[in-house]
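# Survey of secondary and tertiary structure
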Amino acid sequence: MTTARPSLPKNAAQSAVVRTIFTRVIWRHWKQETRRSLLLLILLAIGVAAFFSIRLANRAAVASFASFTNVVTKQTDAILAAPVGNLSDSILEELGTALKGDGVEIIPILELVAATPRLSQETKLNSRPPITLLGLDLVALQNLADREEQDRKWFSQTKAAPSHQTTEPQAAPNDLWRILNQPNAVFCSETMAREDSLNVGSNLSMVLNDKQLELEICGIIPGRSDQPAVPRNLIIVDLPALQHLAGKQGLLDRIEFLFPPAVKGTPAAQTLIDKIEKTAGGRGRVKTPESRRETAAVMTQGFQLNLTILSLLALLVGIYLIFQSLDAAVVRRRSEIATLRALGVTPREILYAWVLEALILGIAGGVLGTFGGWLLAQGAVRVVSTTVNALYYATNVTAAELHLGETLLAISTAVACSVLAGWLPASRAALIPPAQLLTRGMDAKEPEPQLRHIVWGTPLFLAAIGLALLPPIALKGGGHFPLGGYLSALFGILGGGIITGEFLLLLGFVAAPLTKNSASLKLGNSHISQPTGRHRWAVAALLCAVAMTGGMIILVASFEKSVSLWIQHTLQADLYVTSDANQTATSYNRIPEATWSAIVTQTDISDSDVALILPAELPNGTVRLMGTNLAFYERHNQFTWLQKPTDHRIYQTSENTALCIVSEAFTERFGNRVGDPLELPTPLGKQTLTIAGIYSDYGDEKGVIMVDRTHLSRWMNTTDASTLSLIASPGTDPLRLQSELRQRHPGLAILTNTHLRNEVMRIFRQTFAITYALEGIGILVSLVGLGTTLASILLERKNELTTLRALGMTPRHIAFATAWEGSAIAFCGAFGGLLMSIGLGAVLIYVVNKQTFGWTLQPMVPVRPLLALVCGVVLCGSLTAWCVGRWGSTLPADREP
């Protein structure tokens, strides 16, 4: 018999009923189970925090690529840069004539990356933060500041005024001419001055190219009220002075343009851009600041996407736990739900109430997770920026700021995951018939139909195989996103989680004879022989975490094996020389000809390679252009060929002008093959090259074009070098030679073969540091989830535990029974995860890695780390189960489950 509904509109009546169910049933249980509800909330928040922190760290690293010019002037409207190499400053006069009367501010810039001198005991590469030296026309900057902001003074800072002093420095009329006539005068950021105790007049040591420079702080960079704070590691130098210090007289990195306010956003702005492009001819390309930031995002998009996907591991495990918790709530509240149905509550209202619970859980977990994620991001951003520095471009970012869009995305993701996880339990609750007023916990002993697991799990596995065969999605800049690979991993984990739950039945059957002599073990095994849905979901959660972690272990081991073999084959010289200022992937410091020529002509050097490395912007994306002595590589067999050249002219300087070889990553990114033509923009015009061979290179995912250095030097009109590879004469001690060269050239980094190999492997492992942390979070969440599952099951067995205690079972016996139950769950999850990790590792190696980075890896399955992972998970699961069993054995008989 049902009760009459109030005479309200249908939607209003349903809302009132749902609110009543939530406040009288769901909220009451939440208050009674405060600790368990809070723990579930925290687990969800951990998953959201891992996802959110990586997103914030990635955003901060990309944002740091924004033009440093914006710090000292307004955001420019156009940027002119050469596709390869530098611009000649002779173009400034032509641009001034072409733009005369248009009111355009022309800002020539030379931007270099330097570093502080290496300490005598310091031997690590990339151990010092990069210092950005920005060469600007200081007179033009002061004139611009005088017109716009009178308080932004460049030349009114005296030696008597400390950099951190808040009062306005006194004017010094001769400062302008003193600074312009002092080639080592620089402006530093207020943060650098404060943290390094620098004042106006202090000296600052810096390494640039092959020399150590002594700079003098002549002022603090004036900030802008409409721009963020000046980055710590930014130093501004007068343009002619920096050109002299860097040996780049007459050269510019780029030219930026400020359009009149009335022109911005109008067709006239495009007219000005067209005029700039016409004036530049083929010497440069015009970009907007937005497109330049997009270029930075494109460079790191593969790295960012992989970290984002990996950060979802903890969130995926969290979905399992939410499902377990809400499904357990349905079991515990069956009688209440059935009573509500008997009182006239419709299935839809029951469904809405449970979905509302999942929704609120998602919102609360999302909000808590974003706060925790912001805290985690402060540490993650340093790890991410270290990797970005090593692989992509210089970044000085040390902190991650909250971002509204990322915050909303994280909360929305948490809500979507929570509602998705709660939908099936909500549907189950809605389908409980009113007449089925069963005793609480009875459902926990009802085995579920096994056919359902096979029917669901097998198609997911088959779908995973099919998805792994899909081609990648093409991204801007020649990148690829392996969507099929990621979906294959997801479907495989879901299918494996469903099927692996059946391992519990098999384990219970096999272990039955072994447990017959122990009442505790026999009791625990009886629950394994008839597992509930929550037992299976606990197995699935552990499988997810172990499979992802094991798959990454296989990927990293395969990477390490491939890189190790590559460097053994590639690095065969005795000594390697480069500028000691090269601390990042975009530190293109040079070694002048006078320096490298004096080194390679020494009598104790029997052979050498002088290489020039430049970034090159092709129509489809940025690559690395390398000019080297190809005959040197051939003499020492340093190439790892994927497709060896058949045209041996490639090794002869007099005949290889129109030939090049490219890396595997280049061919995967742009689709070129041996024999294809390749147009390379240079200051002397386009050079048409033919690809003669393809080699393996694990040092650059963007791709490398290698030509003979003689031709590249002629095209670029430079005799400078980037790196030297030295072969010592027979009988010469490389360590002695290294010491002598360091004494004569303190601005150069001179590394032995062994040291460089060790440093390459250290930097390689460092790039995976954050993946280990994310994997650890996933394992931790799944183990805590195992504990909450067992605690929930024990609460449902309250009457059974009371009976067992009455029959003489001690807390230790009950703890043993629970430990066996938890150990079985942990073993099945870990063993299934181990098997799954092998398939997942194959997907990561042959699909995700190949499509993202374009590298062919040598597969390797590290047995010991994988077995250690499985044993560790089983051991931790057993200890967790033991602790939960001890707690459950002391539950009072009247405890509300």
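Residues numbered from 1 in each chain as written. Predicted model: local features only at pLDDT ≥ 70, side-chain atom pairs only at ≥ 80, totals over all residues. Heavy atoms only, no water.

The next subject is the overall build of the protein. Secondary structure assignment for the protein yields 28 helices and 23 strands. Evaluated residue by residue, the protein yields a buried proportion of 56% over its 897 residues. When contacts within the protein are restricted to residue pairs at least 6 apart in sequence, long-range pairs at least 24 apart make up 83% of them. Element-wise, carbon and sulfur atoms account for 62% of the exposed surface of the protein, whose accessible area totals about 37,600 Å². (Helix = DSSP H or I, 4+ residues; strand = E, 2+ residues; numbered from the N terminus. Buried < 20%, exposed > 50% of the residue type's maximum accessible area, 1.4 Å probe, protein only. Contact = heavy atoms within 4.5 Å. Areas by Shrake-Rupley, 256 points an atom, 1.4 Å probe, with all protein chains shown as cover.)

Further remarks concern the pairing of strand 19 (residues 677–680). Side chains Leu678 and Leu680 project from strand 19 onto a buried face, and the interleaved Pro677 and Glu679 project onto a face without burial. Bridge analysis of strand 19 against strand 20 (residues 687–695) gives 4 bridges, and the strand direction is antiparallel. Along strand 20, the bridge assignment pairs Pro677 with Thr690. Between the antiparallel neighbours strand 19 and strand 20 lie 6 residues, among them Gly685 with a positive phi of about 105 degrees. (Pairing = 2+ DSSP bridges.)

With their axes 8 Å apart at the nearest point, helix 17 (residues 519–529) and helix 27 (residues 811–853) run at an angle of 40 degrees to one another. When the axes of helix 17 and helix 27 are compared, the pair comes out oblique. Relative to helix 27, the crossing made by helix 17 is right-handed. For the pair formed by helix 17 and helix 27, the contact residues are Ser520, Leu521, Leu523, Gly524, Asn525, His527 and Ile528 on the first element and His813, Phe816, Ala817, Trp820, Glu821 and Ala824 on the second. (Axes fitted to C-alpha atoms, helices over the stretch in contact; angles between N-to-C directions. Parallel < 35°, antiparallel > 145°, perpendicular 65-115°, else oblique. Left-handed = near helix turned anticlockwise from the far one by under 90°.)

The subject of this paragraph is the pattern of salt bridges. The tally for this structure, following the rule as stated, stands at 19 salt bridges. One salt bridge connects Lys850 with Glu668, and the closest N-O pair in it is separated by 3.4 Å. Here the residue Lys850 occupies a position in helix 27, and Glu668 occupies one in helix 21 (residues 664–670), the gap between them amounting to 182 residues. (Salt bridge = Lys/Arg side-chain N within 4 Å of Asp/Glu carboxyl O.)

Our focus in this paragraph is the confidence of the model for the protein. Mean pLDDT over the protein works out to 79, with 78% of the residues at or above the 70 mark. For the stretch residues 1–9, pLDDT sits under 50, and the model shows 11 contacts to residues farther than four places along the chain or on other chains. (pLDDT = per-residue confidence, 0-100.)

This brings us to the packing of aromatic side chains. A complete count under the given rule lists 12 aromatic pairs for this structure. Ring geometry for Phe481 against Tyr486: centres 5.6 Å apart, planes inclined by 35 degrees, an arrangement best described as tilted. Judged on exposure class, the residue Phe481 and its partner Tyr486 are both buried. Grouped by ring-pair contacts, the aromatic residues Phe632, Tyr633, Phe639, Trp641 and Tyr695 constitute a single cluster. (Phe/Tyr/Trp six-rings, centres within 6.5 Å; stacked < 30°, edge-to-face > 60°.)

Here we come to the nonpolar core. Grouped together as the largest cluster of nonpolar side chains are 86 residues, with contacts concentrated most on Phe559, Val563, Ile661, Ile825 and Val873. Among the elements that line this core, the one with the most residues is helix 18 (residues 533–570), at 18 residues. Residue contacts for Val563: discarding those within four places in its chain leaves Tyr698, Val760, Met761 and Phe764. Judged by nonpolar contacts, the second largest core, of 42 residues, contains Leu213, Ile220, Ile235 and Leu252. (Core = buried A, V, L, I, M, F, W, Y, C linked by side-chain atoms within 4.5 Å.)

This part covers helix 28 (residues 863–888). An α-helical turn contains 3.6 residues, so a residue and the one three or four places further along point in the same direction. Between its terminal C-alpha atoms helix 28 stretches 37 Å, which fits the 38 Å expected from 26 residues at 1.5 Å a residue. Looking only at helix 28, the buried set comprises Leu866, Leu869, Val870, Val873, Val874, Gly877, Ser878, Ala881, Val884, Gly885 and Gly888. (Expected span 1.5 Å × (residues − 1).)

A cluster of nonpolar side chains, namely Phe371, Trp374, Leu375 and Leu402, defines an oily patch on the protein surface of about 410 Å² accessible area. Within the secondary structure, Leu402 is located in the loop between helix 12 (347–391) and helix 13 (404–430). (Patch = residues over 30% accessible without salt bridge, like charges linked within 9 Å, V, L, I, M, F, W, Y side chains within 5 Å.)

Right, let's talk about the environment of Leu351 for a bit. Take Leu351: it is sitting in helix 12. Looking at Leu351, the relative accessible area reads 14%, which means it is buried. Distance in space between the C-alpha atoms of Leu351 and Trp423 is 8.1 Å, their sequence separation being 72 residues. Every residue in contact with Leu351, bar those within four places of it in the chain, is listed here: Trp423, Ala426, Ser427 and Ala430.

Let us now look at the packing of helix 16 (residues 503–511) against helix 27. Across the interface, helix 16 lies against helix 27 with an axial gap of 10 Å and an inter-helix angle of 125 degrees. Taken together, the axis directions place helix 16 and helix 27 in an arrangement best described as oblique. Relative to helix 27, the crossing made by helix 16 is right-handed. Taken together, the residues of helix 27 that come into contact with helix 16 (itself represented by Phe503, Leu504, Leu507 and Ala511) are Trp820, Ala824, Ile825, Phe827, Cys828, Phe831 and Gly832. Residue composition of the contact of helix 16 with helix 27, grouped by class: 10 nonpolar, 1 polar and no charged. (Nonpolar A, V, L, I, M, F, W, Y, C, P; charged D, E, K, R; others polar.)

Considering the arrangement of structural elements, one finds Thr370 in helix 12. Among the residues examined, Thr370 registers a relative accessible area of 8% and is labelled buried. At 2.7 Å, the side chain of Thr370 and the backbone oxygen of Val367 are in polar contact. Beyond its immediate sequence surroundings of up to four residues, Thr370 is in contact with Val48, Phe52, Thr407, Ala410 and Ile411. (Polar contact = N/O pair within 3.5 Å; in protein donor to acceptor, adjacent residues only side chain to side chain.)

Within the open sheet, the 9 strands sit side by side as 6-7-5-8-4-3-10-1-11. Their pairing is mixed. Two strands in the sheet have a free side with no partner beyond their single neighbour: strand 6 (203–208) and strand 11 (285–287). Neighbour-to-neighbour, the strand axes of this sheet turn through a mean angle of 35 degrees, independent of strand direction. Pairing of strand 1 (residues 78–81) with strand 11, which is carried by 3 bridges, proceeds in the antiparallel orientation. Residue pairing in the sheet places Ile79 in a bridge with Lys287 of strand 11.

Another aspect to go through is the environment of Leu737. Position of Leu737 relative to the elements: it lies in helix 23 (residues 734–744). Overall, Leu737 belongs to the buried group, its relative accessible area being 1%. Between the C-alpha atom of Leu737 and that of Ile605, which follows or precedes it by 132 residues, the distance is 9.2 Å. In this view, Leu737 contacts Leu575, Gln602, Asp604, Ile605, Ala728 and Thr732; residues no more than four positions away in its chain are not counted.

Despite not being glycine, Asn637 has its phi angle at roughly 50 degrees, a positive value. Of note in the backbone geometry, Asn717 takes a positive phi value of approximately 55 degrees without being a glycine. Position of Asn717 relative to the elements: it lies in the loop between helix 22 (709–716) and strand 22 (723–728).

Below, the discussion takes up the pairing of strand 8 (residues 234–238). Where burial is concerned, most of strand 8 is hidden: 5 out of the 5 residues are buried. Every second residue of strand 8 is oriented toward a common face, with Leu234, Ile236 and Asp238 on one face and Ile235 and Val237 on the other, all of them buried. Here 5 bridges tie strand 4 (residues 131–136) to strand 8, and the two strands are oriented parallel to one another. What sits directly across from Leu136, in strand 8, is Asp238. Pairing of strand 5 (residues 185–188) with strand 8 involves 3 bridges; the strand directions are antiparallel. Its bridge partner being in strand 8, Val186 is matched across the sheet by Val237.

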